[in-house]
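These are the residues of each chain, in order.
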Amino acid sequence: MSTAFEQFSIGQKITGTSFHPTRESIREFCEASLDFNPLHLDDEYMKNSFGKTQFGGIIMHGMNNFGVISKMLTDWLYPLGGIHRRLETRWASPVKPGDTITPSAIITSLKSTQKGHWVSLEVSVNNQRNEVVAVGEALVEFPMMVQ
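Residues numbered from 1 in each chain as written. Predicted model: local features only at pLDDT ≥ 70, side-chain atom pairs only at ≥ 80, totals over all residues. Heavy atoms only, no water.

A look at the overall build of the protein
Step number 1: Each helix and strand counted, the protein has two helices and five strands in total.
Step number 2: Going residue by residue from the N terminus, the α and β elements of the protein occur as β-α-α-β-β-β-β.
Step number 3: Overall, the protein is about 60 × 25 × 25 Å in size when its C-alpha atoms are taken along their principal axes.
Step number 4: Among the 147 residues that make up the protein, the fraction classed as buried is 36%.
Step number 5: The long-range share in the protein, meaning contacts at least 24 apart out of those at least 6 apart in sequence, stands at 65%.
Step number 6: For the protein, the exposed area adds up to about 8,400 Å²; of that, 53% sits on carbon and sulfur atoms.
Step number 7: Distance between charge centres in the protein, computed from 13 positive and 15 negative side chains, equals 5 Å. (Helix = DSSP H or I, 4+ residues; strand = E, 2+ residues; numbered from the N terminus. Buried < 20%, exposed > 50% of the residue type's maximum accessible area, 1.4 Å probe, protein only. Contact = heavy atoms within 4.5 Å. Areas by Shrake-Rupley, 256 points an atom, 1.4 Å probe, with all protein chains shown as cover. Lys, Arg positive; Asp, Glu negative; His and termini not counted. Charge placed at Lys NZ, Arg CZ, Asp CG, Glu CD.)

Some thoughts on helix H2 (residues 63-77)
Step number 1: Between its first and last C-alpha atoms H2 spans 21 Å; for 15 residues at 1.5 Å apiece the expected length is 21 Å, and the two agree.
Step number 2: Among all positions in H2, only Asn64, Asn65, Val68, Ile69, Ser70, Met72, Leu73, Trp76 and Leu77 are buried.
Step number 3: Among the structural elements, strand S1 (13-15), helix H1 (23-33), strand S2 (83-91), strand S3 (102-112), strand S4 (116-126) and strand S5 (132-143) are those in contact with the buried residues of H2. (Expected span 1.5 Å × (residues − 1).)

Some words on the nonpolar core
Step number 1: With 30 residues, the main nonpolar core has Phe8, Trp76, Val119, Leu121, Val123 and Phe142 as its most contacted residues.
Step number 2: Those elements that place two or more of their residues in this core are H2, S3, S4 and S5.
Step number 3: By residue number, the principal contributor to this core is H2, which donates six residues.
Step number 4: What Phe142 contacts, discounting residues up to four positions off in sequence, is Ala4, Phe5, Phe8, Trp76, Leu77, Leu80, Gly81, Gly82, Gly116, His117 and Val119. (Core = buried A, V, L, I, M, F, W, Y, C linked by side-chain atoms within 4.5 Å.)

Let's talk about the sheet that holds S3
Step number 1: Across the sheet, which stays open at both edges, the five strands sit in the order S1-S3-S4-S5-S2 with antiparallel pairing between neighbours. On the outer flanks of this sheet lie S1 and S2, each paired with one strand and no other. The average undirected angle you get between the axes of adjacent strands in this sheet is 25 degrees.
Step number 2: Strands S1, S2, S3, S4 and S5 of the sheet are contacted by H2, whose axis makes an angle of about 150 degrees with S2. (Pairing = 2+ DSSP bridges. Axes fitted to C-alpha atoms, helices over the stretch in contact; angles between N-to-C directions.)

Quick look at the pairing of S3
Step number 1: In the sheet, S1 pairs with S3 via three bridges, with the strands oriented antiparallel. Residue pairing in the sheet places Ile14 in a bridge with Ala105 of S3.

Examining the pattern of salt bridges
Step number 1: Under the criterion given, the structure shown has seven salt bridges.
Step number 2: Among the ionic pairs, Glu88 bridges to Arg86, the shortest N-O distance being 3.0 Å.
Step number 3: Relative accessible area serves as the criterion here: at 38%, Glu88 is assigned to the partly exposed category.
Step number 4: The salt bridge partner of Arg129 is Asp99, with a shortest N-O separation of 3.9 Å. (Salt bridge = Lys/Arg side-chain N within 4 Å of Asp/Glu carboxyl O.)

Considerations on the packing of aromatic side chains
The geometry of an aromatic ring pair is captured by the separation of the ring centres together with the interplanar angle, meaning the angle of the planes.
Step number 1: The full count for this structure, using the stated rule, is four aromatic pairs.
Step number 2: Aromatic side chains Phe8 and Phe142 sit 5.1 Å apart centroid to centroid with 50 degrees between the ring planes, which places their arrangement in the tilted category. In this pair, Phe8 sits in the segment before S1 while Phe142 sits in strand S5, placing the two residues 134 residues apart along the sequence. Judged on exposure class, the residue Phe8 and its partner Phe142 are both buried.
Step number 3: One aromatic cluster is present, built from ring pairs that chain together Phe5, Phe8, Trp76 and Phe142. (Phe/Tyr/Trp six-rings, centres within 6.5 Å; stacked < 30°, edge-to-face > 60°.)

As for H1
Step number 1: Among all positions in H1, only Ser25, Ile26 and Cys30 are buried. Viewed end-on, H1 has its buried residues packed into an arc of 150 degrees, placing them on one side of the element. Exposed positions of H1 whose direction lies more than 90 degrees from the buried face are Glu24, Glu28 and Ala32.
Step number 2: Following H1 by one or two positions, Leu34 has its phi on the positive side, about 65 degrees. (Arc of directions from axis to C-beta.)

Below you can see the structure in the form of structure tokens.
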């Protein structure tokens, strides 16, 4: 029996759906997450300097990057019978209203065990200028089919 796992190869790329954060979507995330940090809401506050960083206006929650990566993984996995098992991300650069961010992943390893097939991926999110705004690693599983 052929499985989705057999179709994968190291170096294969997966691309997700682009996301266009707006002031409204950032506000909605504040409400959904209960995180009302002024970084995400107050332009006056954001005129200040944060150490060596000057954002110049509100920025999107870093967890939104996690969300666009998770959506990419689940959109790819679930139709193929896969399960999203682990995701670790690091923020590399701020995302502002009006940016367009797009997640992608590269398969870095494939492993089979008695219970399932495992795929490791290097994930990233880039903005419209192709600047990296988030990076990380994901681990997904394609369970063994019981016959």
